[in-house]
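Okay, here's what each chain looks like letter by letter:
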Amino acid sequence: MSLSNQGLATASDEVFMGTYARYPAAMISGRGCRLTDADGRQYLDFLSGIAVCSLGHCHPEVTRTIQEQAAKLVHVSNLYYTEPQTELARLLVANSFADKVFLANSGAEVNEAAIKLARIAAGPGRYQVISLAGSFHGRTLATVAATGQPKFHEGFEPMPDGFVHAPFGDLAAVKALINEKTCAILCEPLQGEGGVRPLPPEYLSGLRALCDQHELFLIMDEIQTGMGRTGTLFAHEQLGVTPDIMTLAKALGSGLPIGAMLATKEIATAFTPGTHGTTFGGNPVAAAAAVTTMKIMLDDGFLPLVQSKTRYLEAQLEELVSRFPKLLTGVRGLGMIQGLVLSEAGVAVGGAIVKRMFEQGCLINFAGNAVLRFLPPLIVEESDIDEFAAILSQVLNEF
Ligand SMILES: *Cc1c(COP(=O)(O)O)cnc(C)c1O
């Protein structure tokens, strides 16, 4: 097989189902914030595999952990205990509101687990989950039903029963949806795929209050916002609202597939042997990678540095807004998930801007048909941010 971008693209398109509109680059290797493609071109990665490679590509400590664990034990099934799994779950419990953990392989799977736990813990007849317009919770049938964006449902109807959506930001509308069948409210602290849209803090605390009044579970999907992405280990910590159930995935394993569903012990007791399970979930290699990832993130100084680099990035983005008022209307985000909100004229060329950025060697994306989304690795340096802002400024100039 010819190892060029074109060769790999042609060979892939022949045999893969067409679920992805890919850029014409085959990535060969990565280091820190940089990727190299099959033609030897370098990219500055401000997407991190969509908030996955938060420690950058091939962080040496994570790579060593994976190599060592792969040489020791790769898989045994969840019929037995393994050390990496236990260490990971203990770290998650010690550093969150939760008492109990369930491990799976992906975001959608841990959201499925959260929905199942909420239903079984709420008891018979209480199965309905309220989620928000603009949300994204995954691609399995239940999580896509929970996703509040009709474009993800189209062609796959009927959606599974038990999911209703409330318009974004309207507490009265959420309240009106609550009935005797409701078991949970599911939300992201900040909608990532939906367009880098933070939930206003008073709205989030209103959702918490509704859950308390009506004995519902508050499930927070921190799959994208968790693991230090927003400058605290979990986004809800800085928003003053604590969930009952939380889901994590994306950056948890620094690129190895792993997800975690966390809950308080009162709720978690509803899961008993046989009620839920997974073959690969919490696989020793993925769990070991997650342990090392968490230890690095919990090291003194890591999260404060994310916060200071956030301020540096935000300042650069604010400056671009003031220089390109026809295209950009503002900056929004939390920590290292940032978006430039496009004007109507900007939205019309959003896809083209991302494509030009790619051609100029910088990876970003266009989220929610509304914003340019930036998810740099958390280890990004100020010089990388300067380089990114210079490329973006040059590209915006073309439009
Ligand atoms: C990515 C994402 C998911 C889905 O995760 P997968 O690993 O792709 O199944 C769910 N919720 C949120 C908020 C996400 O960002």
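For the chain, an unreviewed UniProt entry supplies the name Acetylornithine aminotransferase and the organism Candidatus Desulfatifera sulfidica. Here the chain is described in UniProt, under the heading Sequence similarities (unreviewed entry), as follows: "Belongs to the class-III pyridoxal-phosphate-dependent aminotransferase family. ArgD subfamily." Word for word, the UniProt comment on the chain under Subunit (unreviewed entry) is "Homodimer."

It is worth spelling out the overall build of the chain at this point. Across its full length, the chain carries 14 helices and 17 strands. Taken over C-alpha atoms, the radius of gyration comes to 21 Å for the chain, in line with the 21 Å a tight globule of 399 residues would show. The principal-axis extents of the C-alpha atoms in the chain amount to approximately 60 × 55 × 45 Å. Across the 399 residues that make up the chain, the buried fraction comes to 53%. In the chain, once contacts between residues fewer than 6 apart in sequence are set aside, the share between residues at least 24 apart is 71%.

Of the voids in this model, the second largest pocket is the one considered here, and its volume is about 780 Å³. Along its surface, the second largest pocket is lined by 27 residues, and Asn78, Gln85, Val101, Phe102 and Leu103 are the ones closest to its centre. Every element with two or more residues in the lining of the second largest pocket is listed here: helix H4 (83-94), strand S4 (100-104), strand S12 (259-263) and helix H9 (265-268). The greatest single-element share of the lining of the second largest pocket, amounting to four residues, is contributed by S4. Considering only residue class, the lining of the second largest pocket consists of 13 nonpolar, twelve polar and two charged.

So, on to empty space enclosed by the protein. Tallying each qualifying case throughout the model produces one cavity of 30 Å³ or more. Taken as a whole, the largest cavity holds about 60 Å³ of empty space. Looking at the largest cavity, it is lined by 13 residues, and the ones nearest its centre are Val76, Ser77, Asn78, Gln85 and Pro284.

Within soluble globular proteins, side chains that are nonpolar generally end up buried alongside one another. Counting residues in hydrophobic clusters, the biggest one holds 57 residues, and the most contacted among them are Leu88 and Phe388. Top element by residues in this core is helix H10 (residues 284-298). It accounts for eight residues. Setting aside residues up to four positions removed in sequence, Phe388 forms contacts with Leu44, Phe46, Leu313, Leu317, Met357, Cys362, Ile364 and Phe374. Leu190, Leu204, Ala235 and Leu375 belong to the second largest nonpolar core, which has 29 residues in total.

Residues annotated in UniProt with the feature "binding site: pyridoxal 5'-phosphate" (unreviewed entry) correspond here to Gly107, Ala108, Phe136, Asp221, Glu222, Ile223, Gln224 and Thr279. An extended arrangement is adopted by the annotated residues: their sequence extent is 173 residues, and the largest C-alpha distance between any two is 25.3 Å. Those annotated residues from the list above that line the largest cavity are Thr279. Position of Ile223 relative to the elements: it lies in the loop between strand S10 (217-221) and strand S11 (245-248). Overall, the relative accessible area of 8% leaves Ile223 in the buried class. When residues no more than four places from it in sequence are discounted, the contact partners of Ile223 are Gly107, Val110, Asn111, Thr247, Leu248, Ala249 and Lys250. Turning to its location among the elements, Thr279 is positioned in the loop between H9 and H10.

Inspection of the secondary structure puts Gln394 in helix H14 (residues 382-397). Distance in space between the C-alpha atoms of Gln394 and Gln360 is 9.4 Å, their sequence separation being 34 residues.

The positions UniProt marks with the feature "modified residue: N6-(pyridoxal phosphate)lysine" (unreviewed entry) are Lys250. Mapped onto the elements, Lys250 comes out in the loop between S11 and S12. You can call Lys250 partly exposed: its relative accessible area is 23%. Sequence-distant contacts of Lys250, that is, excluding residues within four places in its chain, are made with Ile50, Ala51, Val52, Glu193, Ile223 and Gln224.

The next point concerns the sheet that holds S4. An order of S4-S12-S11-S10-S7-S5-S6 is seen for the seven strands of this open sheet, with the pairing classed as mixed. Whereas interior strands pair on both sides, the edge strands pair on one side only; in this sheet they are S4 and strand S6 (163-166). Within this sheet the neighbouring strands show an average axis-to-axis angle of 20°, counted without direction. Pairing between strand S5 (residues 128-132) and S6: four bridges, direction parallel. Bridged to Ile130 within S6 is Val164. Strands in contact with H4 are S4, S11 and S12; relative to S4, the strand with the most contacts, it is inclined by about 130°. Seen against the sheet, helix H8 (residues 201-214) touches S5, strand S7 (182-187) and S10 and runs at an angle of roughly 165° to S7.

So, about unusual backbone geometry. Between Glu157 and Pro158 the backbone carries a cis peptide bond, its omega angle lying at 5°. Its identity as a non-glycine residue notwithstanding, Ile50 has a phi of 55°, on the positive side. Here Ile50 shows up in helix H2 (residues 48-51). Backbone geometry at Ala51 places phi at a positive 65°, although glycine is not the residue there. Tracing the chain through its elements places Ala51 in helix H2. Residue class for Ala51 comes out buried when judged on its relative accessible area of 2%.

Conventions and cut-offs
Residues numbered from 1 in each chain as written. Predicted model: local features only at pLDDT ≥ 70, side-chain atom pairs only at ≥ 80, totals over all residues. Heavy atoms only, no water. UniProt positions renumbered as here; feature names shortened; annotations may be inferred. Helix = DSSP H or I, 4+ residues; strand = E, 2+ residues; numbered from the N terminus. Rg over C-alpha atoms; globule rule 2.2 N^0.38 Å. Buried < 20%, exposed > 50% of the residue type's maximum accessible area, 1.4 Å probe, protein only. Contact = heavy atoms within 4.5 Å. 1 Å grid on protein atoms, 1.4 Å probe; cavity = no way out; pocket = protein on both sides within 12 Å on 5 of 7 lines; lining within 4 Å. Points joined across faces, edges and corners; volume = space filled by probe spheres on them. Nonpolar A, V, L, I, M, F, W, Y, C, P; charged D, E, K, R; others polar. Core = buried A, V, L, I, M, F, W, Y, C linked by side-chain atoms within 4.5 Å. Pairing = 2+ DSSP bridges. Axes fitted to C-alpha atoms, helices over the stretch in contact; angles between N-to-C directions.

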